[in-house]
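Fold and contact review
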Amino acid sequence: MFYAVHVAIGAVFLPRRTVWLIGLLAGVLLSGMVLGEYYGVIAHHALSFTQPLNLPPHLHRTPHAMHLMPEYILSYLSVYNLMLAGIIYLVQTVAEYQRASEALRQKHVQIALSRERLARIGEISAGMAHTIRNPLHGVVNAMEILRSKLPSTDATAEEMIKLMMDGLARIERVTSRLLVLTRDSALSMV
């Protein structure tokens with residue numbers, strides 16, 4: 001299981017191709033170790049098959065074979081390598097699902113933050129429009145009073161008051177549009 005644990009950890013963090021190469025290497029290393037023990041090239045270790053089997057003498061291949069048949073070893077190595085492949089597939093599938101879920105969560109967080117910023121901008125715009133509109137109406141009323149008290153012969157003063165009234169009317173239109181944008185009702189062309 002030593003190799004399987006490391007392959008599983010690698011499957012979480014490493015790219016798919018790298019993990020499959022590590023899994024292949026782990027399978028080759030274990031196969032080499034088992035076959036080395038079977039043919040007596042390396043001494044057996046604590047994880048090996050050391051229990052002698054009660055086999056007839058013609059099945060004892062070598063003195064270092066530890067009484068295992070080649071079919072058993074082939075089956076063992078096949079199952080182990082299939083297990084490694086299954087671990088890689090399962091862990092990478094779960095890790096990819098987790099990464100996709102995290103990316104989707106981050107996207108939703110960004111959308112929520114964007115909506116929150118837009119809501120704040122709307123609140124600020126509404127506050128600004130009301131703050132500007134209230135004194136604006138006072139200035140428009142004062143201009144109307146000035147216009148009514150001007151002598152009809154002062155054309156320059158009348159021209160200046162008209163220019164100021166036009167400017168104030170433009171400011172009024174902008175603040176009205178800001179208020180329309182901040183309301184929940186449907187927008188209309190102004």
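Keep in mind it's a predicted model, so treat the numbers as computed, not measured.

Conventions and cut-offs
- Residues numbered from 1 in each chain as written.
- Predicted model: local features only at pLDDT ≥ 70, side-chain atom pairs only at ≥ 80, totals over all residues.
- Heavy atoms only, no water.
- Helix = DSSP H or I, 4+ residues; strand = E, 2+ residues; numbered from the N terminus.
- Buried < 20%, exposed > 50% of the residue type's maximum accessible area, 1.4 Å probe, protein only.
- Expected span 1.5 Å × (residues − 1).
- Contact = heavy atoms within 4.5 Å.
- Core = buried A, V, L, I, M, F, W, Y, C linked by side-chain atoms within 4.5 Å.

Moving on, we get to the environment of Q98. You can see Q98 is positioned in helix α3 (residues 70-149). By relative accessible area, Q98 is classed as partly exposed at 48%. For the pair formed by Q98 and V12, sequence separation is 86 residues and the distance between their alpha carbons is 10.0 Å.

Right, let's get into helix α2 (residues 16-38). For α2, built from 23 residues, the straight-helix expectation of 33 Å at 1.5 Å per residue is met to within 8% by its first-to-last C-alpha distance of 33 Å. Turning to α2, its buried residues number three or more, namely V19, G23, A26, G27, L30, S31, V34, G36, E37 and Y38. Of the surrounding elements, those touching the buried residues of α2 are α1 (2-13) and α3. Within two residues after α2, G40 carries a phi angle of roughly 80°, on the positive side.

Moving on, we come to the nonpolar core. With 16 residues, the main nonpolar core has L30, Y80 and L84 as its most contacted residues. The element that contributes the greatest number of residues to this core is α3, accounting for seven residues. If we ignore the near neighbours within four places in the chain, the residues touching Y80 are Y3, A4 and L30. Counting five residues, the second-largest nonpolar core is a separate cluster that includes L136, M143, I161 and M165.

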